[in-house]
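# Summary of the model geometry
Spelled out from the first residue to the last, the chains are:
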Amino acid sequence: MQMLRDSVACMFFSSTPGTKALFLDYDGTLREFEKRPEAAVPSEEAHEIFHLLNSREDLKVFIVSGRNKEFLEDQFRAYNSFTLIAEHGFTKRGPDTGHKWRPFNPFTDTEWMVKVRIILEFFTRCTPGSHIEEKHSAIVWHYRECDEEYGQFKAKELMHQLATSLGNMPCQISQGSKIVEVASLSVKKGLVVRAAITQQETQSEPFAEVLVMGDDRTDESMFLDAPQGAWTVKVGPGETSAKHRLKGPAEVRRFLRIIADQKLPSTAMSPVSPSSKTPKFFSMDGRKENVSQEDDDADDDPLDCLPETEEPNQM
Ligand SMILES: O=P(O)(O)OC[C@H]1O[C@H](O[C@H]2O[C@H](CO)[C@@H](O)[C@H](O)[C@H]2O)[C@H](O)[C@@H](O)[C@@H]1O
């Protein structure tokens, strides 16, 4: 696995032909963690980057988050070219839904939440510092503010309790960053990526490039379901199926700023001219279409898109 190099950003310049897609997780990827979810809002610096990305007609930005629709709408409503995906793929809002929230699967069953809430309330009562976040299709037990060791111990116990109590109810239990989350079985971030790629293909304009960034276990399905030629980026440490890595949200924002600002740091040069490259196109069966040998090689070394005389800028 390689660290994501700055030079990869040149695949996402406006002078590169075709529409490019960015699938971005929120917590732990675009934003550092905070003790309470409501405190982790985008910084001014992040808003500047979102503003620049929003004004790029050649980019489609997808915020693929575990947050509920109210939070995402509050924070991202100014960016009307963005598609917002709430609760790991439960509902979405963007240009193609007329900026109205639409469920991905209108038959998502959430009746199991009543039973889960009772168990989480019991654990909250006996774990000082913990709290519950209730969403529309998922319910979360937070223990970031607990005593480190005791919180971890209770989280393990809760995972076990949920696994034995929920039987074959249509929900999935997962442990994220200082949270235990129970979500509807029919939601998965990877399905969002697949649907967007397929929709773009049916409009006869497959994405020229795809970038997927996430820090959490729920983001692994995006890495796995992304097309073969996609730039998949794990943010932070840990096992992953992503091909590249960045250290944390600050590096993610720095990388996105390079795309948004359209210049590579220190080299300050423009990317390869549009006419000198054939765009590579993705299809959902994992093959790349319309890919010349030259472009295939460019996948192996993104520095190929820079003029040969320049020194590469590596991270
Ligand atoms: O898919 P994401 O956008 O990464 O959302 C995953 C969960 O993120 C939130 O929890 C995390 O961030 C909180 C704020 O920094 C932090 O307090 C918590 O410990 C983290 O796990 C969110 O509250 C959850 O609903 C999301 O599922």
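The shown structure was predicted, so the numbers you read here are calculated from the model rather than taken from an experiment.

A word on the site of the ligand. Taken together, 22 residues are adjacent to the ligand, and Asp25, Glu34, Ser65, Arg144 and Ser177 come closest. At 2.7 Å, a side-chain N or O of Glu133 approaches an oxygen atom of the ligand. One of the side-chain nitrogen or oxygen atoms of Lys135 is found 2.8 Å away from an oxygen atom of the ligand. Look at the ligand: alone it shows 580 Å² of surface, and the protein chains cover 99% of it. Mapped onto the shell around the ligand, the elements with two or more residues apiece are strand S8 (138-142) and strand S10 (179-184). Of the residues that constitute the shell around the ligand, the class distribution is 6 nonpolar, 5 polar and 11 charged. Among the domains, domain 1 (2-106 + 187-296) and domain 2 (113-184) are the pair contributing at least three residues each to the shell around the ligand.

Glancing now at the nonpolar core. In terms of nonpolar packing, the biggest core is built from 39 residues, with Ile63, Leu211, Met213 and Leu256 touching the most fellow members. Every element with two or more residues in this core is listed here: strand S2 (20-24), helix H1 (44-54), strand S3 (59-64), helix H2 (69-76), strand S4 (83-86), strand S11 (209-214), strand S12 (231-235) and helix H7 (249-261). For this core, the element with the highest residue contribution is H7, accounting for 6 residues.

So, on to the domain arrangement of the protein. Structurally, the protein comprises domain 1 (2-106 + 187-296) and domain 2 (113-184). Contacts between domain 1 and domain 2 engage 16 residues on the former and 16 residues on the latter. With both chains or domains summed, domain 1 and domain 2 bury close to 1400 Å², and 51% of this area falls on carbon and sulfur atoms. At the junction of domain 1 and domain 2, the tally comes to 8 residue pairs in polar contact (both at pLDDT 80 or more). Broken down by class, the residue content of the side of domain 1 that touches domain 2 amounts to 4 nonpolar, 3 polar and 9 charged.

Side-chain pairs of opposite charge can arise whenever the charged atoms involved come near each other. All chains considered together, the criterion is met by 22 salt bridges. Between Glu73 and Arg93 there is a salt bridge, with its nearest N and O atoms 3.8 Å apart. Of this pair, Glu73 sits in helix H2 while Arg93 sits in strand S5 (residues 91-93), and the two are 20 residues apart along the sequence. Take Arg93: its relative accessible area is 11%, and that puts it in the buried class. The partner of Asp225 in a salt bridge is Lys188, and the shortest N-O contact between them spans 3.6 Å. With a gap of 37 residues between them, Asp225 in helix H6 (residues 220-225) and Lys188 in the loop between S10 and helix H5 (189-202) connect regions that are remote in the sequence. Take Asp225: its relative accessible area is 12%, and that puts it in the buried class. Classification of Lys188 by relative accessible area gives partly exposed; the value is 39%. Residues participating in the shared-partner salt-bridge network are Lys20, Arg56 and Asp58.

What follows deals with the sheet that holds strand S7 (residues 131-134). Read from one edge of the open sheet, 4 strands run S7-S8-S10-S9, paired in antiparallel fashion. Across the chains shown, the open sheet's two edge strands, defined by having one partner strand only, are S7 and strand S9 (171-176). The average undirected angle you get between the axes of adjacent strands in this sheet is 15°. Where S8 and S10 come together, 5 bridges link them in antiparallel fashion. Across the sheet, residue His142 finds its bridge partner in S10, namely Ile179. Along the sheet face, helix H3 (residues 113-125) touches S7, S8 and S10 and points at about 10° away from the line of S8. The strands touched by helix H4 (residues 148-165) within the sheet are S8, S9 and S10, with S9 carrying the most contacts at an inclination of about 165°.

Before going further, it helps to spend a moment on unusual backbone geometry. Here His88, not a glycine, exhibits a phi torsion of approximately 60°, which is positive. By secondary structure assignment, the location of His88 is in the loop between S4 and S5. Residue classification places His88 among the buried residues on the basis of a relative accessible area of 9%. One non-glycine residue, Ser204, lies in positive phi territory at about 60°. Within the secondary structure, Ser204 sits in the loop between H5 and S11.

Where S9 lies against S10, 6 bridges are found, and the strand directions are antiparallel. Pairing of Cys171 across the sheet is with Ser184, part of S10. Once S9 ends, the chain turns through 2 residues before running back antiparallel as S10, passing Lys178 with a positive phi of about 60°.

With that out of the way, let us pick up the state of the cysteines. Throughout the structure, instances matching the rule amount to 0 disulfides. Cys126 takes part in no disulfide bond, and the closest cysteine sulfur to it belongs to Cys146, at a distance of 10 Å.

Structurally, Cys126 can be placed in the loop between H3 and S7. Between the alpha carbons of Cys126 and Lys154 there is a distance of 9.2 Å; along the sequence they are 28 residues apart. When near neighbours in sequence (up to four residues on either side) are disregarded, Cys126 contacts Tyr150 and Lys154.

The rules we used
Residues numbered from 1 in each chain as written. Predicted model: local features only at pLDDT ≥ 70, side-chain atom pairs only at ≥ 80, totals over all residues. Heavy atoms only, no water. Near = heavy atom within 4 Å. Polar contact = N/O pair within 3.5 Å; in protein donor to acceptor, adjacent residues only side chain to side chain. Areas by Shrake-Rupley, 256 points an atom, 1.4 Å probe, with all protein chains shown as cover. Helix = DSSP H or I, 4+ residues; strand = E, 2+ residues; numbered from the N terminus. Nonpolar A, V, L, I, M, F, W, Y, C, P; charged D, E, K, R; others polar. Domains from an automatic or database assignment. Core = buried A, V, L, I, M, F, W, Y, C linked by side-chain atoms within 4.5 Å. Buried < 20%, exposed > 50% of the residue type's maximum accessible area, 1.4 Å probe, protein only. Contact = heavy atoms within 4.5 Å. Buried area = accessible area lost by both parts, 1.4 Å probe. Salt bridge = Lys/Arg side-chain N within 4 Å of Asp/Glu carboxyl O. Pairing = 2+ DSSP bridges. Axes fitted to C-alpha atoms, helices over the stretch in contact; angles between N-to-C directions. Disulfide = S-S within 2.5 Å.

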